[in-house]
Amino acid sequence: MISSANLSVGNVALAVGALAAYWAANKLARSVWHRLTTPLRHLPGPKSESFIWGNLRAIFKADNSVIHEQWVKEYGKTFRYHAFLGQYRFFSTDTRAIGHILNNTQVWVKPELMRNSLAAILGEGVLFTEGEQHRKQRRIMNPAFGIAQTRELTDIFLEKSAELRDVWRAKVAEGGGSAEVDALSWLSKATLDIIGLAGFDYHFNALKDQSNELSDAFGAVFSTSQQFRLLNFLRNVIPVLRWLPNKQQRKTDEARAVMDRIGMELITEKKRAIRAGESKSVGRDLLTLLIRANMDKDVPPHLRLSDEEVLGQVPTFLVAGHETTASTTTWCFYALSQHLDVQAKLREELLAVPTDNPTMDDLNALPYLDAVVRETMRVYSVVGSTVRVAAQDDVVPLATPIVDRKGRTVHEVNIKKGDSIFVPILALNRAEDIWGEDAREFRPERWLSVPDKANSIPGVFAGLMTFIGGPRSCIGYRFAVIEFKALLFHLVRAFKVELAVPVEQIASRSSIVTRPVLKTNDTNVLPIILTPVE
Ligand code: HEM
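Predicted, not measured: the structure shown is a model, and the values here were computed from it.

Caption draft 1: Representation of the packing of helix H14 (residues 323-338) against helix H17 (residues 367-379). Viewed as axis vectors pointing N to C, H14 and H17 meet at an angle of 105°, and their least axial separation amounts to 10 Å. Between H14 and H17, the crossing angle belongs to the class labelled roughly perpendicular. Packed against H14, whose contacting residues are Thr328, Trp331, Cys332 and Leu336, the element H17 presents Val372, Thr376 and Met377 at the interface. Of the residues belonging to the contact of H14 with H17, the class tally is five nonpolar, two polar and no charged.

Right under this line is the structure:
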């Protein structure tokens, strides 16, 4: 006998199924209509390779940007290709077009899919928010990332770099004169310690191999969010699926709860210290600076951040400011191991500094260090691209006109609401028309006389797209640059660096950031051999 409970469960399932089918059919119809009507269909570009994946499979299979760069050779700087369900995606290395897109953040926003996956980790952090809420957050946060504030943090960068140097020295002593280490994992520990202290005055002590609640919770959230699972993808695309119970989601939620609790404790304590007017020395970390700015009596209430918004910045700093600098510094070691002349020249400059404790200005006064840092960030930009979607119709101006599929010469590209663009970070950083034929080579000397065309790159850090540009550029770029310089200062002064495996065994892989991967065991590592400098 069929019970009424069974019947109602069956009815509910049927209704949910019907709703889901209606939703999917509606989505598909809108997607097909968009594809048939967007002006992007008139641009030149490659044929779609699959009804579902468009050209995406080829893009994901190749190294970051490689396919796009091939298309630039074939179709010129501005074209379109096919993304999910054959939707056209706009691509351009035209610096005027990219400058327009990055500066018009009310039109060009982060795609829903990207925001949904960020929201699961970051709550209402600045990486996730859009529009007025984003502008409000940046207004309060920008001062914490200024030049003077970064200068104050330089001691922390140097102390932690020296701590890593000493750990490596101990390994060299154990190894009887040299040691093999994994640069990536050690640099990750150093940058986690740095962002803990400089970000919130929190001691991770990762270099001392101590585990603690916050780093465990962060590790859990980050590792589950990075795993690409079909269900994950569908949950982001189909909102109703987010209500279904899911083991991975439960783990993320538990870890989020730990991060929120610790974050709230930090915020409460900092607010108390600020109100009590306690010594300034407790107040140089980013979180204290932003809470202090938020509590300023001159800020009207509607421009203040809520506690939830401040809380969202804790995982945001961890996500945005930890693996990015660790991977960049790791790629620098890779490059230095392949260019021993550069390594020697850099070391000579660093050893000539008469102190073990330089200031930020001392570090910035070293031209070859600056050139090596910029060249690493150019060739190995660890965030190789990003994506934006048009929230309304737009007209994108071009510096270099193109001929469309109808043979018309066009000086601007018409955009329909819902069109997306691949923002070409790596492709612009190594564009041959800007940097010359050797654009893909690591050659720091090029920064000693920068080509004029590099000035047209719309990046917040001159000549580079690495931190993108405009109101959503990387807020932490000064922090990252000085942190990177501090790490190189202590480590390159102390050790000669060689690869511990043949170079052909190292590849690169992107999942949020681009890291080296050892082909023989498919792990993210960079094995290097350290020999102390006499
Ligand atoms: C080499 C190191 C770094 C690189 C290559 C890098 C790159 C980037 C890029 C490309 C974006 C824009 C992403 C997008 O909109 O799609 C970004 C945003 C951001 N970065 Fe960084 N970053 C680095 C280090 C840092 C550090 C050290 C911090 C903090 C201490 C930080 C904090 C942020 C934040 C909060 C945003 C979001 C800004 C907004 O949307 O308004 N980054 N970063």
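Structure shown, so let's carry the discussion forward.
Caption draft 2: Main features of the sheet that holds strand S4 (residues 179-182). As summarised here, the arrangement of the three strands in space is S4-S12-S9, forming an open sheet in which the pairing is antiparallel. The sheet is open, and its two borders are formed by S4 and strand S9 (495-499), each paired with just one other strand. Strand-to-strand twist across the sheet, computed as the mean angle between neighbouring axes with direction ignored, equals 35°. With four bridges connecting them, S4 and strand S12 (residues 527-532) associate as antiparallel partners.

Caption draft 3: Fine view of the coordination of the iron atom of the ligand. On the protein, Cys474 (SG) is the one donor atom to the iron atom of the ligand, at 2.3 Å. Looking at where Cys474 falls in the secondary structure, it is placed in the loop between helix H19 (432-435) and helix H20 (477-494).

Caption draft 4: Broad picture of the environment of Lys47. Looking at the secondary structure, you find Lys47 in the loop between helix H1 (4-37) and helix H2 (56-61). In sequence terms Lys47 and His82 are 35 residues apart; their C-alpha atoms lie 7.6 Å from each other. Lys47 has contacts with Asn55 and His82, leaving out every residue within four places of it along the chain.

Caption draft 5: Representation of the site of the ligand. Looking at the ligand, there are 30 residues lining it, with His134, Arg138, Thr386, Arg388 and Cys474 nearest. In the environment of the ligand, an oxygen atom lies 2.6 Å from a nitrogen or oxygen atom belonging to the side chain of His134. At 2.7 Å, a side-chain N or O of Arg388 approaches an oxygen atom of the ligand. Grouping the amino acids of the shell around the ligand by side-chain chemistry returns 16 nonpolar, 10 polar and four charged.

Caption draft 6: Layout of the nonpolar core. By size, the foremost hydrophobic cluster in this structure holds 138 residues, and its most contacted members are Phe90, Trp168, Leu287, Val372, Met465 and Ile528. Counting residues per element, this core draws most heavily on H20, at 13 residues. Not counting the four nearest positions on each side in its chain, Val372 is found in contact with Cys332, Leu336, Val342, Leu346, Phe442, Pro444 and Leu488. Leu56, Ile59, Ile67 and Phe422 belong to the second largest nonpolar core, which has 10 residues in total.

Caption draft 7: Structural view of the environment of His34. Structurally, His34 is set in helix H1. The spacing of His34 and Lys417 is 383 residues in sequence and 9.1 Å in space, taken between C-alpha atoms. Ignoring any residue separated from it by four or fewer positions in sequence, one finds His34 in contact with Gln87, Lys416, Lys417, Gly418 and Asp419.

Caption draft 8: The arrangement of the confidence of the model for the chain in detail. In the predicted model, the chain carries a mean pLDDT of 91, and 93% of its residues have values of at least 70. Interface predicted TM-score (ipTM) for the complex: 0.99; the corresponding pTM is 0.92.

Caption draft 9: Expanded view of the sheet that holds strand S5 (residues 385-390). The five strands lie next to each other as S1-S2-S8-S5-S3, forming an open sheet whose pairing is mixed. Across the chains shown, the open sheet's two edge strands, defined by having one partner strand only, are strand S1 (78-82) and strand S3 (108-109). Where S3 lies against S5, two bridges are found, and the strand directions are antiparallel. Its bridge partner being in S5, Trp108 is matched across the sheet by Ala390.

Caption draft 10: Just the side chain of Thr316, in detail. Within the element layout of this structure, Thr316 appears in helix H13 (residues 307-321). Look past the residues within four positions of Thr316 in its chain and what remains in contact with it is Leu122, Gly125, Val126, Leu127 and Gly321.

Caption draft 11: Molecular detail of the packing of helix H11 (residues 247-275) against H13. Interaxial distance between H11 and H13 falls to 9 Å at its minimum, and their mutual angle equals 115°. As H11 packs across H13, the resulting crossing turns out to be right-handed. In this structure, H11 uses Met259, Asp260, Gly263, Met264, Ile267 and Lys271 to contact H13, whose residues at the interface are Asp307, Val310, Leu311, Val314 and Pro315.

Caption draft 12: Up close: the pattern of salt bridges. As enumerated under the stated definition, the model contains 32 salt bridges in all. Across the pair Arg256 and Asp260 runs a salt bridge, and its minimum N-O distance is 3.5 Å. Of the two residues, Arg256 and Asp260 are both situated in helix H11; the distance of four residues between them amounts to about one turn of the helix. Residue Arg374 pairs with Asp370 through a salt bridge whose shortest N-O separation is 2.9 Å. Note that Arg374 and Asp370 are positioned in helix H17 at a spacing of four residues, about one turn of the helix. Here Arg374 falls in the buried class, since its relative accessible area comes to 15%. If you follow the salt bridges from partner to partner, you end up with Arg165, Asp166, Arg169, Asp356 and Arg493 in one network.

Rules used throughout
- Residues numbered from 1 in each chain as written.
- Predicted model: local features only at pLDDT ≥ 70, side-chain atom pairs only at ≥ 80, totals over all residues.
- Heavy atoms only, no water.
- Axes fitted to C-alpha atoms, helices over the stretch in contact; angles between N-to-C directions.
- Helix = DSSP H or I, 4+ residues; strand = E, 2+ residues; numbered from the N terminus.
- Parallel < 35°, antiparallel > 145°, perpendicular 65-115°, else oblique.
- Contact = heavy atoms within 4.5 Å.
- Nonpolar A, V, L, I, M, F, W, Y, C, P; charged D, E, K, R; others polar.
- Pairing = 2+ DSSP bridges.
- Donors = N, O, S within 2.8 Å, 3.2 Å for Na, K, Ca; no water.
- Near = heavy atom within 4 Å.
- Polar contact = N/O pair within 3.5 Å; in protein donor to acceptor, adjacent residues only side chain to side chain.
- Core = buried A, V, L, I, M, F, W, Y, C linked by side-chain atoms within 4.5 Å.
- Buried < 20%, exposed > 50% of the residue type's maximum accessible area, 1.4 Å probe, protein only.
- pLDDT = per-residue confidence, 0-100.
- Left-handed = near helix turned anticlockwise from the far one by under 90°.
- Salt bridge = Lys/Arg side-chain N within 4 Å of Asp/Glu carboxyl O.

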